Amino acid sequence: MSEVSLDWENLGFGYIKTDFRYIAHWKDGKWDGGKLTTDNVLHISEGSTALHYGQQCFEGLKAYRCKDGSINLFRPDENAKRMQRSCQRLLMPEVPVEMFVDACKQVVKTNEKFVGPYGSGATLYLRPFLIGVGDNVGVHAAPEYIFSIFCCPVGAYFKGGMKPTNFIISEYDRAAPQGTGAAKVGGNYAASLLPGKEAKARNFGDCIYLDPKTHTKIEEVGSANFFGITKDNQFVTPLSPSILPSITKYSLLYLAEQRLGLKAIEGDVYIDKLDEFVEAGACGTAAVITPIGGIQNGDDFHVFYSETEVGPVTQKLYAELTGIQFGDVAAPEGWIVKV
């Protein structure tokens, strides 16, 4: 395995072409065997439903280098199941869990030199996606589909350590109450670009979306899930049918209760009751946890633990989860898949 000349300590979160990616085609009611390819360009029909009607979905997960040199995947079966639910919502053929996980393993194995060294903070980010393709022009499900996984080495999300970030409440809605909010589809992210740009122009990390029906409850923080720690040691995260079910969030719910002894709750998080929380954060695959310093809501700015320091419970959750991912902390059964 040849070496890769990368500044592992200072990698950002951007596209870097790696050697191999996996691709499989669905046609005539079934998936083909799938294969690895060096070609990073897709060749698809101009009539593809992914281009015109947004019939596509994707996932995001990481491969982690352990101290002993081995490589961990973190709960890839959960990504596979979530992609299946997205497929159900968009009338696309499901990728079997076994096929999904095996494809992830193939991509990591053949691109092993791009998995950052243990201790560098760098990981290998995997992007599985499924798109509707084939000659088509009417509004209906595609005649053919492509499932593919590519990967990129990415750096530690936090430069100079984990630091709190401030957010602002958006006037835009992320998703409709009975829409595609719970599916990981591209349209949700395209719709978030303008609100995110406006938030960053005002020097906030991103915007926070409220529930589209009443605009009284927190739903998502940019493209991540919200959590808060109450004064009486409860880990609370919003419950809504229009929230993307984050694998990181459900992992934290488990760890908060089973490892830290907190009471874990999925429920309503009212924007006018933020003073119930002593700490808050956003969680997802990229950052794992982004501590929330404060939230701007109209003229009101609410600070949680601190705008400069990370709260103790948030710090413990981060250490526990990343410890599991990098193999330094014992994982709950089934959470780690060795490559």
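- Under the annotation held in an unreviewed UniProt entry, the protein carries the name Branched-chain-amino-acid aminotransferase and is attributed to Pasteurella testudinis DSM 23072.
- For the record of the protein, the UniProt heading Cofactor (unreviewed entry) holds the text "pyridoxal 5'-phosphate".

Looking at the pairing of strand β1 (residues 21–27)
Stage number 1. Summarising burial for β1: five of the seven residues are buried, a large majority.
Stage number 2. For β1 and strand β3 (residues 35–37), the ladder comprises three bridges, and the chain directions are antiparallel. Counterpart to Ile23 in the pairing with β3 is Lys35.
Stage number 3. Pairing analysis gives five bridges linking β1 to strand β8 (residues 144–154), with the strands arranged antiparallel.

Considering the domain arrangement of the protein
Stage number 1. Examined at the domain level, the protein breaks down into domain 1 (21–154) and domain 2 (165–326).
Stage number 2. Measuring from the centre of the C-alpha atoms in domain 1 to the corresponding centre in domain 2 gives 26 Å.
Stage number 3. Across the boundary between the two partners, domain 1 contributes 25 residues, which contact 21 residues of domain 2.
Stage number 4. Taken over both partners, the interface formed by domain 1 and domain 2 buries close to 1800 Å², and the fraction arising from carbon and sulfur atoms is 62%.
Stage number 5. For the domain 1 face of the interface with domain 2, the top three residues by lost area are Phe58, Phe74 and Arg82, together amounting to 34%.
Stage number 6. Joining domain 1 to domain 2, the criterion identifies ten residue pairs in polar contact (both at pLDDT 80 or more).
Stage number 7. Those elements that provide at least two residues to the side of domain 1 that touches domain 2 are β4 (56–58), β5 (61–65), β6 (71–74), α2 (76–89) and β7 (123–133).
Stage number 8. Broken down by element, the residue count for the side of domain 1 that touches domain 2 peaks at six residues, all from α2.
Stage number 9. Across the side of domain 1 that touches domain 2, the residue classes tally to ten nonpolar, six polar and nine charged.

Definitions and limits used
Residues numbered from 1 in each chain as written. Predicted model: local features only at pLDDT ≥ 70, side-chain atom pairs only at ≥ 80, totals over all residues. Heavy atoms only, no water. UniProt positions renumbered as here; feature names shortened; annotations may be inferred. Buried < 20%, exposed > 50% of the residue type's maximum accessible area, 1.4 Å probe, protein only. Helix = DSSP H or I, 4+ residues; strand = E, 2+ residues; numbered from the N terminus. Pairing = 2+ DSSP bridges. Domains from an automatic or database assignment. Contact = heavy atoms within 4.5 Å. Buried area = accessible area lost by both parts, 1.4 Å probe. Polar contact = N/O pair within 3.5 Å; in protein donor to acceptor, adjacent residues only side chain to side chain. Nonpolar A, V, L, I, M, F, W, Y, C, P; charged D, E, K, R; others polar.

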